[in-house]
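One-letter residues, chain by chain:
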Amino acid sequence: MGNDQFSSTMNRRSFLGAAGAAGLTIGFGAPAQAQSKEFVSTVFGGVYEREYRKHIIDPFEKETGIKVLTKTGLSSEWLTNSIVNRRSPEIDLLLLPYPDSIKATMEGLGMPLTVADIPNISQIAPEWYDQYDKAGIGLDYVGYGIAYREDLVPTPPKSWQDLWNPAYKGKVTVPEIGQWGSWELLVVAARLNGGSEDNMEPAFAALKRLKPNIKQFFKSGVDIANLLGSGEAWVCGMTTNIPAYGLIDAGKPVKFIYPSEGAMAGAVSYHIAKNSKNADACKKFINFALGKDVQENFCNGVVAAPTNINAVVNERTRQRVPSREHLQLFSWAKIIPQMSELADRWNQEVAF
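As the structure is a computational prediction, the values presented were derived from the model and not from experiment.

Conventions used here
Residues numbered from 1 in each chain as written. Predicted model: local features only at pLDDT ≥ 70, side-chain atom pairs only at ≥ 80, totals over all residues. Heavy atoms only, no water. Helix = DSSP H or I, 4+ residues; strand = E, 2+ residues; numbered from the N terminus. Buried < 20%, exposed > 50% of the residue type's maximum accessible area, 1.4 Å probe, protein only. Contact = heavy atoms within 4.5 Å. Core = buried A, V, L, I, M, F, W, Y, C linked by side-chain atoms within 4.5 Å. Lys, Arg positive; Asp, Glu negative; His and termini not counted. Salt bridge = Lys/Arg side-chain N within 4 Å of Asp/Glu carboxyl O. Polar contact = N/O pair within 3.5 Å; in protein donor to acceptor, adjacent residues only side chain to side chain. Axes fitted to C-alpha atoms, helices over the stretch in contact; angles between N-to-C directions. Parallel < 35°, antiparallel > 145°, perpendicular 65-115°, else oblique. Left-handed = near helix turned anticlockwise from the far one by under 90°. Pairing = 2+ DSSP bridges. Right-handed = clockwise from strand over helix to strand, strands pointing away. pLDDT = per-residue confidence, 0-100. Phe/Tyr/Trp six-rings, centres within 6.5 Å; stacked < 30°, edge-to-face > 60°.

K.L.:
Before we go on, may I ask you to explain the overall build of the protein chain in this structure?
P.N.:
Of the regular secondary structure elements, the protein chain holds 14 helices and eleven strands. Taking all 352 residues of the protein chain together, the buried fraction comes to 58%. At a minimum sequence separation of 6, the contacts of the protein chain that also span at least 24 residues come to 76%.

K.L.:
What is the right way to look at the nonpolar core in this model?
P.N.:
Soluble globular proteins tend to pack their nonpolar side chains together in the buried interior. Counting residues in each nonpolar core, the largest one holds 111 residues, and the members touching the most others are Tyr52 and Tyr270. The greatest single-element share of this core, amounting to eight residues, is contributed by strand E4 (residues 137-149).

K.L.:
Before we go on, may I ask you to explain the side chain of Glu184 in this structure?
P.N.:
Relative to the assigned elements, Glu184 resides in helix H6 (residues 182-192). No salt bridge is formed by the buried Glu184, whose closest oppositely charged neighbour, Arg191, lies at an N-O distance of 11 Å. At 3.3 Å, the side chain of Glu184 forms a polar contact with the backbone nitrogen of Gly181. Those residues in contact with Glu184, other than ones at most four positions away along the chain, are Tyr144, Met238, Met264, Ala265, Phe330 and Trp332.

K.L.:
In this structure, what is going on with the pattern of salt bridges? I would like to understand it.
P.N.:
Side-chain pairing between opposite charges can occur once the charged atoms of the two side chains come close. Counted by the stated rule, this structure contains 17 salt bridges. Across the salt bridge formed by Asp117 and Lys283, the nearest N and O atoms sit 3.0 Å from each other. With Asp117 in the loop between helix H4 (100-107) and helix H5 (127-130) and Lys283 in helix H10 (residues 279-289), this pair connects stretches of sequence that are 166 residues apart. Of the residues examined, Asp117 reaches a relative accessible area of 41% and is grouped as partly exposed. The exposure class of Lys283 is buried, given its relative accessible area of 14%. For the salt bridge of Arg191 with Glu197, the shortest nitrogen-to-oxygen distance reads 3.1 Å. Overall, the relative accessible area of 31% leaves Arg191 in the partly exposed class. Several salt bridges converge on common partners, so that one network encompasses Glu201, Lys208, Arg345 and Glu349.

K.L.:
Help me out: how do you make sense of the packing of helix H2 (residues 46-64) against H10 in this one?
P.N.:
Angle between the axes and distance between the axes: these two values describe a pair of packed helices. Relative orientation of the contacting elements H2 and H10 amounts to 130 degrees, with a least axis distance of 10 Å. Considered as vectors, H2 and H10 are oriented oblique to each other. Crossing handedness for the pair H2 and H10: right-handed. Taking contact as the criterion, the partners of Tyr52, His55, Ile56, Ile57, Pro59, Phe60 and Glu63 in H2 are, on H10, Ala281, Lys284, Phe285, Phe288 and Ala289.

K.L.:
How do you make sense of the pairing of strand E2 (residues 67-71) when you look at a structure like this?
P.N.:
The side chains of a regular strand alternate between both faces of the sheet. The pairing of strand E1 (residues 38-42) with E2 spans five bridges and is classified as parallel. Across the sheet, residue Thr42 finds its bridge partner in E2, namely Lys71. For the crossover from E1 across H2 to E2, the handedness is right-handed.

K.L.:
How should the confidence of the model for the protein chain be read in this particular structure?
P.N.:
Low pLDDT marks stretches whose predicted atomic positions should not be read closely. Mean pLDDT over the protein chain works out to 91, with 90% of the residues at or above the 70 mark. Of the regions scoring below 50 in pLDDT, residues 1-34 engages in 92 contacts with residues more than four places distant in sequence or in other chains.

K.L.:
What should I look at first to understand the packing of aromatic side chains in this one?
P.N.:
Each aromatic ring pair is summarised here by two numbers: the centre-to-centre distance and the angle between the ring planes. Applying the stated criterion across every chain yields a total of 19 aromatic pairs. Aromatic side chains Tyr144 and Trp180 sit 6.5 Å apart centroid to centroid with 35 degrees between the ring planes, which places their arrangement in the tilted category. Residue Tyr144 is located in strand E4, and its partner Trp180 is located in the loop between strand E5 (172-175) and H6; the two are separated by 36 residues in the primary sequence. On the basis of relative accessibility, which here comes to 0%, the residue Tyr144 falls in the buried class. Given the relative accessible area of 0%, Trp180 is considered buried. Arranged with centres 6.0 Å apart and planes meeting at 65 degrees, the rings of Tyr245 and Phe256 form a pair that is edge-to-face. Of this pair, Tyr245 sits in helix H9 (residues 241-249) while Phe256 sits in strand E8 (residues 254-257), and the two are eleven residues apart along the sequence. Residue Phe256 is classed as buried on the basis of its relative accessible area of 8%.

K.L.:
What is the right way to look at the side chain of Thr173 in this model?
P.N.:
Its place among the elements puts Thr173 in strand E5. Within polar-contact distance, the side chain of Thr173 engages the backbone oxygen of Gln216 at 2.8 Å. In this view, Thr173 contacts Gln216, Phe217, Phe218, Leu227, Ala233, Val235, Cys236 and Gly237; residues no more than four positions away in its chain are not counted.

Right, dumping it as structure tokens:
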């Protein structure tokens, strides 16, 4: 899943958005064909959409005759639309990243998903099911790590703690608050200094100590490419593999590592709207997408890790994504209620 797709989901305020959201609709009508012969679902754009259509949507439609009507855009908009229209959903199946997937779970938007209805859930690692209160199921995940210019850093980073290395003064880039990776950075900073999701105070003292090292807060994968590509920044903390390997594949002297403490996780998951009239078709689609072969082909295409424990990705993908055992997960449900306060403190105490 592209990093810029994640950036659109991060909202430092209420996920209901601006005033007047009660009248929001995305602007597509109800399905015109017979029940369970089509359904509306969301999908990220770009390479993700290309591979998603190739390996999941197209073969599913061919096998079942069920049409998947897709909606691209911002996941925060999809979430708001689903909250406003929960009694008569316009979106049958939500594909959501963090933190919107957890917001949907906290809002009770999704119906329970069971092994009886979706047999392939039995092959999914429990962390990609339990965290959504079994009303959502993970499709794929990536890891957040550190990218760096191996020709410029005096000592290569191995740990999250190395972001604070004085030798990196003025040469580090980390995400701006509200961007993908920013909440993960806050949690890491807290945990490294005796805090937790329940005690974020140590994060701010740590990030204030990090400020001398920061060249710029990045807002997109383009920023990372420019900063690392030009050498203005030597180290990028809390990024997925996607922008880093974009530079590596282009021949830049960049290396990407998952720190010794573990990679922070970024995941996307399915959620069927509780009042969807096309729930049966959605369940068939999810079961198809979670199948071993489909997971292998799709995850190799987007360079992400499968949630199906029986799926085996190719060597290229395996080198670029973290194993389950090397992931750090945290309680988004504890961070989401704090987001507004955390963003305010960041702007007051951390931002330039």
